[in-house]
Amino acid sequence: MVKSFEELISKVKECGKKTIAVAAAEDDAVLEAVAEAHKQGIADAILVGDEAKIRAIAAEMNIDLAEYRIIDEPDKTAASLKAVKLAHDGEADMYMKGLLDTKTFLKSILDKEVGLRTGKTLSHVAVFQVKGIEQLLFMSDVAFITYPTLEDKVHIIENTVEVAHACGVECPKVAPLAAVEVVNPKMPCTVDADELRKMNAEGKITGCVVDGPLSMDIAIDPEAAAHKGAQDRPAAGKADVLLFPDIQAGNLVYKTLVHTADCQNGCILTGTKVPAILTSRSDSFQTKVNSIALAAVVAAALNA
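Residues numbered from 1 in each chain as written. Predicted model: local features only at pLDDT ≥ 70, side-chain atom pairs only at ≥ 80, totals over all residues. Heavy atoms only, no water.

1. Some details on the packing of helix α6 (residues 150–166) against helix α11 (residues 285–302)
The angle between the axes and the distance between the axes are what describe a pair of packed helices. Counted only if it meets this: The axes used here are C-alpha line fits, helices contributing only the stretch in contact, and every angle between their N-to-C directions lies in the interval 0 to 180 degrees. Numbering goes from the N terminus for both helices and strands, where a helix is a DSSP run of H or I of at least four residues and a strand is a run of E of at least two. Here the angle decides the label: under 35 degrees means roughly parallel, over 145 means roughly antiparallel, 65 to 115 means roughly perpendicular, and every other value means oblique. Throughout, a contact is declared for two residues whenever any of their heavy atoms are within 4.5 Å. In the scheme used here, Gly and all other residues not listed as nonpolar or charged are polar, with Ala, Val, Leu, Ile, Met, Phe, Trp, Tyr, Cys and Pro taken as nonpolar and Asp, Glu, Lys and Arg as charged.
Where α6 contacts α11, the two axes come as close as 9 Å, and the packing angle between them is 95°. The orientation of α6 relative to α11 falls into the category roughly perpendicular. Judged by residue contacts, Glu 162, Val 163 and Ala 166 of α6 engage Leu 294, Val 297, Val 298, Ala 301 and Leu 302 from α11. For the contact of α6 with α11, the class distribution of residues is 7 nonpolar, no polar and 1 charged.

Below is the structure:
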């Protein structure tokens, strides 16, 4: 089981170097992360975008482009379609957003001819290594599905469990989160959490153990679980997957961890033919590198 991003990067190297297709690659932060991923043996890259700008940025940052394939396409929409087609056609194992708005990036993923549709629900998975917590935390959805229905939550669990499996977690413990750890009909997310638990028990959700509803403290802190008499619950104090009731809760936890905790993280979009790396310009350099490594491990698992 992988317990850190250092271990994750080592796992990538065992899987063999992957290839990223970058849409609108004329972005200094993305080029820096791609160059580091190349240096560490995580991934090569095909850079699609305005070649003159790509070369100018690379020269300024002392990045040698000799080992990169560059496809000159100054138009950002066209660049996104050319880059995603590389992933669609199997020439790239991952698809990454460069200097491109999220709407255009997602539109290319959903393109009927060259996109990455699989018929699955798309969802965002954030993976955190937090000081003081032994296991990696797989969090979803913090950025894509706003107010998931019960059906959406089933698909989010399936997508997230797939990522956890790729990281070596054989039977991840899934905690559908709420403010309380008991079912309250006046709190719909607790009702959903209990239904997800039942679906797991009935074999409708597989590859994991679902234990909900759980409050955040019980899910990740063994002492809190013991104080509240919940230590015998399957995921108490040792949840691998944190399923948020909505994007508000997920995004608040995500940003609180990023800005206050001693942690590292990486994020990908799942439910696609290949992992899609949808980082923000505000994400750190390390987060971008971690996201590439995470995508590479998932890509290897998809092709296994």
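2. What about helix α7 (residues 188–201)?
Each α-helix winds once per 3.6 residues, and so residues spaced three or four apart point in a common direction. Defined as follows: Multiplying one less than the number of residues by 1.5 Å gives the expected span of a helix. Exposure is judged per residue with a 1.4 Å probe applied to protein chains only, and the accessible area is read against the type maximum: over 50% gives exposed, under 20% gives buried, and values in between give partly exposed.
With 14 residues, α7 ought to run about 20 Å at 1.5 Å a step, and its terminal C-alpha atoms sit 20 Å apart, in line with that. Those residues of α7 that sit buried are Thr 190, Asp 192, Ala 193, Asp 194, Leu 196, Met 199 and Asn 200. Against the buried residues of α7 lie α6, β7 (173–176), β8 (209–210) and β9 (241–243). Immediately downstream of α7, the backbone of Gly 203 shows phi near 85°, a positive value.

3. Observations regarding the state of the cysteines
Here is the rule we go by: Disulfides are defined in this document as cysteine sulfur pairs within 2.5 Å.
Summed over all chains, the structure comprises 0 disulfides. Cys 171 forms no disulfide, and the closest cysteine sulfur to it belongs to Cys 208, at a distance of 6.6 Å. Under the relative-accessibility criterion, Cys 171 is labelled partly exposed at 40%. Of the cysteine sulfurs around Cys 267, a residue in no disulfide, the closest is that of Cys 263, at 10 Å. For Cys 267, a relative accessible area of 3% gives the class buried.

4. Comments concerning the nonpolar core
Heads up, the condition is: Only buried residues count toward a nonpolar core. Its members are Ala, Val, Leu, Ile, Met, Phe, Trp, Tyr and Cys residues joined through side-chain atoms within 4.5 Å.
With 60 residues, the main nonpolar core has Ile 20, Val 34, Ile 42, Leu 47, Phe 138, Ile 157 and Ile 292 as its most contacted residues. Top contributing element to this core by residue count: α11, with 9 residues. Apart from residues lying up to four places away in sequence, Val 34 is in contact with Ile 20, Val 22, Ala 45, Leu 47, Tyr 68, Met 96 and Ile 292. Counting residues in hydrophobic clusters, the runner-up holds 24 residues, among them Val 48, Ile 71, Leu 106 and Leu 269.

5. Comments concerning the environment of Gly 115
Take Gly 115: it is sitting in the loop between α5 (102–109) and β5 (123–130). Sequence spacing of Gly 115 and Thr 272 is 157 residues, and the spatial spacing of their C-alpha atoms is 8.9 Å. Setting aside residues up to four positions removed in sequence, Gly 115 forms contacts with Val 84, His 88, Ser 108 and Ile 109.

6. A short note on the layout of surface pockets
As a reminder of what qualifies: Of the grid points, spaced at 1 Å and generated over the protein atoms alone, those admitting a 1.4 Å probe that cannot get out make up cavities, while open sets with protein on both sides within 12 Å along at least five of seven lines make up pockets; any residue with an atom within 4 Å of a point is treated as lining. Grid points are joined across faces, edges and corners, and a volume is the space filled by probe spheres set on the points.
Of the pockets and cavities examined, the largest pocket occupies roughly 430 Å³. Sorting the residues of the lining of the largest pocket by element identifies α5, α10 (247–260) and β10 (263–270) as the ones contributing at least two each. Here the lining of the largest pocket takes 5 residues from α10, the largest share from any one element. The residue inventory of the lining of the largest pocket, partitioned by class, reads 10 nonpolar, 11 polar and 2 charged. By volume, the second largest pocket is sized at about 160 Å³. The wall of the second largest pocket is formed by Met 1, Lys 3, Glu 134, Gln 135, Val 169, Glu 170, Cys 171, Lys 173, Lys 238 and Asp 240. Taken together, the residues of the lining of the second largest pocket sort by class into 3 nonpolar, 1 polar and 6 charged.

7. Notes on unusual backbone geometry
Along the chain, Ser 140 connects to Asp 141 via a cis peptide bond; the corresponding omega equals -5°. A cis amide bond links Gly 212 with the next residue in sequence, Pro 213, at an omega value of 0°. By the secondary structure assignment, Pro 213 is in the loop between β8 and α8 (216–220). Although it is not a glycine, Ala 24 adopts a positive phi angle of roughly 55°. Within the element layout of this structure, Ala 24 appears in the loop between β1 (18–23) and α2 (28–39). What makes Ala 24 buried here is its relative accessible area of 0%.

8. Structural notes on the pattern of salt bridges
Close approach of charged atoms allows side chains with opposite charge to pair. We apply this condition: Only one rule defines a salt bridge in this text: a Lys or Arg side-chain nitrogen within 4 Å of an Asp or Glu carboxyl oxygen.
In total, this model carries 14 salt bridges according to the counting rule given. Between Arg 55 and Glu 51 there is a salt bridge whose closest N-O contact spans 2.9 Å. Remark: Glu 51 and Arg 55 occur in helix α3 (residues 51–60); sequence separation between them is 4 residues, near one turn of the helix. Note that Asp 217 is salt-bridged to Lys 228, the shortest N-O span being 2.9 Å. Of this pair, Asp 217 sits in helix α8 while Lys 228 sits in the loop between α9 (222–227) and β9; the two residues are 11 residues apart in sequence, bridging distant segments of the chain.

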